[in-house]
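Residue-level structural notes
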Amino acid sequence: MQKPGELPHTFYLMIATKHGIGRNWYASVLTRVMRGHVAAGVQIDQILDGGFNGRLSQKLLASVDELKETSGDGRYKREMKLKSMITEEHRHINPKYGTESIEKNCCRWLMFSNHFDALPFSNEDRRGIVIRNPDKPRSPTYYKRLYKLLDDQQSIGSVRKYLETQNIEGFNAGEPAPMNEAKKQSIDAMMGDMERAVRDFKTECKAPLTTIRMIRDFAESCDAFDGNNSHLNRAIRDAGMTLTARRIKVSGKNHSIVIVKDWAAQDVKNASLDVLLKATGLNNAFAAHGGST
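This section reports on the structure supplied with the text. Since we're looking at a predicted model, the values are computed, not measured.

**Remarks on the packing of helix α7 (residues 193-204) against helix α8 (residues 212-221)**
Close contact between α7 and α8 brings their axes to 9 Å; oriented N to C, the two are set at 120 degrees. Between α7 and α8 lies a crossing whose hand is right-handed. The residues of α8 that touch α7, namely those facing Ala197, Val198, Asp200, Phe201 and Glu204, are Met214, Ile215, Phe218 and Ala219. Residues of the contact of α7 with α8, tallied by class, amount to seven nonpolar, no polar and two charged.

Now the structure itself:
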């Protein structure tokens, strides 16, 4: 209301595991407060998959009801698309009917879901502000009073006035979203078998370095490796480990070094073979095969 052209780099995702706590009322109030500048009930999955987005034209707010993100091979692509959609400076508007155009992006996002795996984002996400809503509804009398206010122009005007005069000194549009318990729970819920196996590997790994092959072998032992090496690499990065360009050969097999903790990429690049073998635990395999490299 006060800085409509200064786009925050974050969106809000509100999660409640039960229906009927009044979140739709919240969206309805904002729709009336910013009448004509809200895209209500947006089907975000269609937009993320490349569908028409004409409803976002000239909007300051978009609300998404009952969001349930589906799993599958397209999750990573949707994650990248979501990041771009939230923060892109200009948006390509592709209406179902009419002329395509380019607009300055001023649209904020308010999303509701009953599921913790509602959106595709990783533990490195800086955009999603996740709020855990109450699960226990109030009394019917409480909601009756609230919904009656939706038709009260004076009440809606009061909300608008409040937003226009609220002290937002120190507002930082580029401030990243906080990592709270609700967001941690969402990230955990969105993990597939591969991501969980790689995360478990990191937790159990005592060595500062490892290799992609060792992580893949662990995932295979958990029946979690899906044969997609790109997916494995993303899971490694999402788990907080670092892929490097350094490769060594032990017993005729190539091993790409992965940093688990404490090391820097430059240290891996400059380290001798003996040091890398010891740091990864491959020295035993090296010795067992007569020092064959």
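**A closer look at the packing of aromatic side chains**
Counted by the stated rule, this structure contains two aromatic pairs. Seen in terms of ring centroids, tyrosine 142 and tyrosine 143 are 5.3 Å apart; in terms of plane orientation they differ by 85 degrees. Their pairing is edge-to-face. Its relative accessible area of 13% is what places tyrosine 143 among the buried residues. Arranged with centres 5.5 Å apart and planes meeting at 70 degrees, the rings of phenylalanine 201 and phenylalanine 218 form a pair that is edge-to-face. Of this pair, phenylalanine 201 sits in helix α7 while phenylalanine 218 sits in helix α8; the two residues are 17 residues apart in sequence, bridging distant segments of the chain. Like phenylalanine 218, phenylalanine 201 is buried. It is arginine 138 that lies over the ring of tyrosine 142; its NZ or CZ is 4.6 Å from the centre.

**What to know about helix α9 (residues 229-238)**
One turn of an α-helix holds 3.6 residues; hence residues three or four places apart share an orientation. Turning to α9, its buried residues number three or more, namely His231, Leu232, Arg234, Ala235 and Ile236. Capping of α9 at its N-terminal end is provided by asparagine 228; its side-chain oxygen lies 3.0 Å from the backbone amide nitrogen of serine 230.

**Re the pattern of salt bridges**
Applying the stated criterion across every chain, the model contains eight salt bridges. Of the charged contacts in the structure, one is a salt bridge between lysine 3 and glutamate 6, with a shortest N-O distance of 3.9 Å. In this structure glutamate 6 comes out as partly exposed when scored by relative accessible area, which is 33%. With a closest N to O distance of 3.6 Å, glutamate 181 and lysine 184 form a salt bridge.

**Things to note about the pairing of strand β10 (residues 253-259)**
Judged from the three bridges that link them, strand β8 (residues 209-211) and β10 form a sheet pairing that is antiparallel. Bridge pairing links leucine 209 to isoleucine 259 in β10. When strand β9 (residues 242-250) meets β10, the two strands line up antiparallel, connected through six bridges. Residue arginine 247 lies in a different strand from β10, and its bridge partner there is serine 256. Connecting β9 to the next strand, β10, in antiparallel fashion are two residues, including serine 251 with a positive phi near 55 degrees.

**Some words on α8**
Listed as buried for α8 are Ile212, Ile215, Arg216, Phe218 and Ala219. Projected onto a plane normal to the axis of α8, the buried residues spread over an arc of 160 degrees and lie on a single side. Those residues of α8 hidden inside the fold are in contact with α7, β8, α9, β9 and β10.

Parameters at a glance
Per chain, the residues get numbers from 1 upward, laid out in the order the sequence is written. Restriction of local features to residues with pLDDT of at least 70 applies here, the model being predicted, together with a cutoff of 80 or more for giving and counting side-chain atom pairs; totals for whole chains, interfaces and linings are based on all residues. Values shown for side chains rest on all heavy atoms present in the structure; no hydrogens or waters enter the calculation. Angular values range over 0 to 180 degrees, each being the angle between N-to-C directions of two axes fitted as lines to C-alpha atoms, with helices fitted over their stretch in contact. Going along the chain from the N terminus, every DSSP run of H or I of four or more residues is numbered as a helix, and every run of E of two or more is numbered as a strand. Two helices cross in a left-handed way if the nearer one is turned anticlockwise from the farther one by less than a right angle. They cross in a right-handed way if the turn is clockwise. We call two residues contacting when some pair of their heavy atoms lies within 4.5 Å. Only Asp, Glu, Lys and Arg are considered charged, only Ala, Val, Leu, Ile, Met, Phe, Trp, Tyr, Cys and Pro nonpolar, and every remaining residue, Gly among them, polar. Side-chain rings of Phe, Tyr and Trp, where Trp is taken by its six-membered ring, are said to pair if the distance between their centres is within 6.5 Å; with planes under 30 degrees apart they count as stacked, over 60 as edge-to-face, and otherwise as tilted. Relative accessible area decides the class of each residue, using a 1.4 Å probe on protein chains only: under 20% of the type maximum gives buried, over 50% gives exposed, and in between gives partly exposed. Remark: a charge is flagged as sitting over a ring if the NZ atom of Lys or the CZ atom of Arg is within 6 Å of the ring centre and within 35 degrees of the ring normal. Two N or O atoms form a polar contact when they lie within 3.5 Å of each other; inside protein one atom must be a possible hydrogen donor and the other a possible acceptor, and for residues adjacent in sequence the pair counts only when both atoms belong to side chains. Any carboxyl oxygen of Asp or Glu that lies within 4 Å of a side-chain nitrogen of Lys or Arg is treated as forming a salt bridge with it. The pairing criterion is simple: DSSP has to find at least two bridges between the two strands. Think of it as the arc spanned by the lines of direction from the helix axis to the C-beta atoms.

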